[in-house]
Amino acid sequence: MSRDVVPARGAAVETVPSADSSVHRDRYLNLLRAIALGRVVLFHVTGWVWLSLLVPAMGLMFGIAGSLMAASLDRHGPSAVLRRLRRLLLPVWVFGVITLAVLAVRWRPQGVGEWAGLVWWILPLRVPPVGGPSWAWVFHIGLWYIVTYLWLVLLSPVLLRVFRRWPWPSIGVATALPIGVHLAGVRAGYFVAAYLSCWLLGFAHHDLLLHRVPWRWYGCLVAGLAVAGGTWVVTAMVAGVAVDLNHIAGGTTLWSMALVAVLLRVRPRLVGRVPLGAVLRVVNARAVTIYLWHIPASLGMFVLLAPVLPYTSVASITVRLAGVCLLTAGAVLLFGWIEDVAARRPPTLLGPRPPGGGRYRHRARHLRAGRRR
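Report on the accompanying structure. (Residues numbered from 1 in each chain as written. Predicted model: local features only at pLDDT ≥ 70, side-chain atom pairs only at ≥ 80, totals over all residues. Heavy atoms only, no water.)

1. Topic: unusual backbone geometry
We apply this condition: Segments assigned H or I by DSSP are reported as helices when at least four residues long, segments assigned E as strands when at least two residues long, and all are numbered from the N terminus. The cut-offs for exposure are 20% and 50% of the maximum accessible area for each residue type, with area from a 1.4 Å probe on protein chains only; residues under the lower value are buried, those over the upper are exposed, and the others partly exposed.
The phi dihedral of L208 falls on the positive side, at around 60°, and the residue is not glycine. Relative to the elements of secondary structure, L208 occurs in the loop between α8 (190-206) and α9 (215-238). A positive phi angle, near 60°, is found at R344, a position not held by glycine. Structurally, the position occupied by R344 is in the loop between α14 (337-342) and α15 (359-372). Residue R344 is classed as exposed on the basis of its relative accessible area of 66%.

Below is the structure:
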């Protein structure tokens, strides 16, 4: 792999990786995002708590998003925020319209406060309301991720400038922030505080700062995070404080940072063919649609199978997982093209196809031909 340009400490300089390393990094981040999203779907279908320990997917998704956001800010400047908002909000608005249409059967907002709360379906700076039906939670339980992502995108121009001025102190403060928020009893903005450090690790990945730390020190830091975070999380779960990694203040941050720091440090070569390459392309092109619609699909399959199969049986889990995949695929076919419109691409059923038989393979052949010349 060719050498990448690493900005000097404190310099707000655009990172300019070589074309070769850019191909590897893009493909690798797409693979990580697909794995994280698959873990989220599997967890919501099975309810297996150990999955969130094995792969803290939300921290990984925020780490990837932070790296891509830094690249977008370097490329487009402040307008990158508007580009990200457009790509996020259009699929959310369609999801919100359909959700409110379904809820209208059982719920009408009462009073000025409830009507005013509907504005969060337009600009989700907080989780929007769904009213009182007992099943309505499936339409907004996963929206905390959308809210957190939106806040981090809006804050990114300032965060990136601060990070590039004081990179490692920034990560240190972000690591301690959720612990301080928890001890102070502050609930507002908890998820932003919990995953800010992973977002900043994404910045560090884009600026190639992670690769400047010698492995022996890097390994010690990662091990410290993993031991502290893992002990915290397991203790909280055993004590019954929480059964979901996302709600263990402090432990969530430390454990997620350990995995994100490892996965963003390594740089495998993934230019050529990889298994399920077409699946990775579709998953990444339709990530928002998959995330929004897989939870309602999970409830639908649960309601359908609950009368005939025990929830924890192998048969129930297998059928539910297959059903959720099929229902989510149906949502991708029906609504996924909105992500193309949001990205200002021609709408297609399964996202844009790489030109020339595959963008990565085409660029890889070009690079190899250039080396031979």
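Additional details are given in the paragraphs that follow.
2. Topic: α8
Defined as follows: One fewer than the residue count of a helix, multiplied by 1.5 Å, yields its expected span.
Between its first and last C-alpha, α8 extends 25 Å over 17 residues, near the 24 Å set by a 1.5 Å rise per residue. With respect to burial, α8 is a largely interior element, 17 of its 17 residues being buried. Just downstream of α8, L208 is the residue with a positive phi angle, here 60°.

3. Structural notes on the environment of W137
Mapping W137 onto the fold places it in the loop between α5 (111-117) and α6 (143-165). Exposure remark for W137: the relative accessible area of 41% places this residue in the partly exposed category. Once the C-alpha coordinates of W137 and P296 are considered, the two residues, 159 residues apart in sequence, prove to be 9.3 Å apart.

4. Points about the nonpolar core
The condition that has to hold: Buried Ala, Val, Leu, Ile, Met, Phe, Trp, Tyr and Cys residues form a nonpolar core when they are joined through side-chain atoms within 4.5 Å. Between two residues, a contact is recorded if the distance between any of their heavy atoms is within 4.5 Å.
Within the largest apolar cluster, 88 residues are counted, with the highest numbers of intra-cluster contacts made by F62, Y145 and W199. Excluding residues within four positions of it along the chain, Y145 makes contact with M58, M61, F62 and Y291. Counting residues in each nonpolar core, the second largest holds seven residues, with L53, V233, M237 and L245 among its members.

5. Regarding the packing of helix α3 (residues 57-76) against α8
Where we set the bar: To define axes, lines are fitted to C-alpha atoms, for helices over the stretch in contact only, and angles between the resulting N-to-C directions are given on a 0 to 180 degree scale. Put simply, angles under 35 degrees are roughly parallel, angles over 145 are roughly antiparallel, angles from 65 to 115 are roughly perpendicular, and the rest are oblique. By convention the crossing between two helices is left-handed if the near helix lies anticlockwise of the far one by an angle smaller than a right angle, and right-handed if it lies clockwise. Each residue is assigned to one of three groups, with Ala, Val, Leu, Ile, Met, Phe, Trp, Tyr, Cys and Pro labelled nonpolar, Asp, Glu, Lys and Arg labelled charged, and all others, Gly among them, labelled polar.
α8 packs onto α3 with a crossing angle of 45° between their chain directions and a minimal axis gap of 7 Å. In this view, α3 runs oblique relative to α8, as classed from their interaxial angle. As for the relative orientation of α3 and α8, their crossing is right-handed in sense. Contact residues: M58, G59, F62, G63, A65, G66, S67, M69, A70, A71 and D74 in α3; Y195, C198, W199, G202, F203, H205 and H206 in α8. Classifying every residue of the contact of α3 with α8 by side-chain character gives ten nonpolar, seven polar and one charged.

6. Quick look at the packing of aromatic side chains
To be explicit about the condition: Two aromatic rings from Phe, Tyr or Trp, using only the six-membered ring of Trp, form a pair when their centres are within 6.5 Å; if the ring planes differ by under 30 degrees the pair is stacked, by over 60 it is edge-to-face, and anything between is tilted.
Inspection of every chain in the model, using the stated rule, returns 20 aromatic pairs. Between the aromatic rings of F62 and W144, the centroid separation amounts to 6.5 Å while the plane-to-plane angle is 50°, which identifies the pairing as tilted. With a gap of 82 residues between them, F62 in helix α3 and W144 in helix α6 connect regions that are remote in the sequence. For the pair F62 and W144, one class covers both residues: buried.

7. A look at the pattern of salt bridges
Keep this limit in mind: Just to be clear on terms, a salt bridge is a Lys or Arg side-chain nitrogen sitting within 4 Å of an Asp or Glu carboxyl oxygen.
Within the structure shown, the criterion is met by four salt bridges. Here D74 and R164 are joined by a salt bridge, their closest N and O atoms 2.8 Å apart. One end of the pair, D74, is in helix α3; the other, R164, is in helix α6, and 90 residues separate them in sequence. For D74, a relative accessible area of 19% puts it in the buried group. We classify R164 as buried; its relative accessible area is 7%. The residue D340 makes a salt bridge to R286 at a minimum N-O spacing of 2.7 Å. Taken together, the residues span a long stretch of sequence, with D340 in helix α14 and R286 in the loop between α11 (277-285) and α12 (287-305) at a distance of 54 residues. As far as the burial class goes, D340 and R286 line up, both buried. Residues joined in a network through salt bridges with shared partners are D74, R164 and D207.

8. Describing the packing of α3 against α6
Axes are the key here: two packed helices are described by the angle between their axes and the distance separating the axes. Running from N to C, α3 and α6 cross one another at 50°; their axes reach a closest spacing of 10 Å. With respect to their mutual orientation, α3 and α6 come out oblique. In the crossing of α3 with α6, the sense of the turn from one axis to the other is right-handed. Across from M58, M61, F62, A65, M69, A70, L73 and D74 in α3, the residues of α6 making contact are W144, Y145, T148, Y149, L152, V153, S156, P157, L160 and R164. Broken down by class, the residue content of the contact of α3 with α6 amounts to 14 nonpolar, two polar and two charged.

9. Quick look at the side chain of S316
Threshold: Contacts described as polar in this section are N or O atom pairs within 3.5 Å, which, within protein, must combine one atom able to donate a hydrogen with one able to accept it, while residues neighboring in sequence count only if both atoms come from side chains.
Its place among the elements puts S316 in helix α13 (residues 314-335). Within the structure, S316 has its side chain in polar contact with the backbone oxygen of P310 (distance 3.4 Å). If we ignore the near neighbours within four places in the chain, the residues touching S316 are L305, L309, P310 and Y311.

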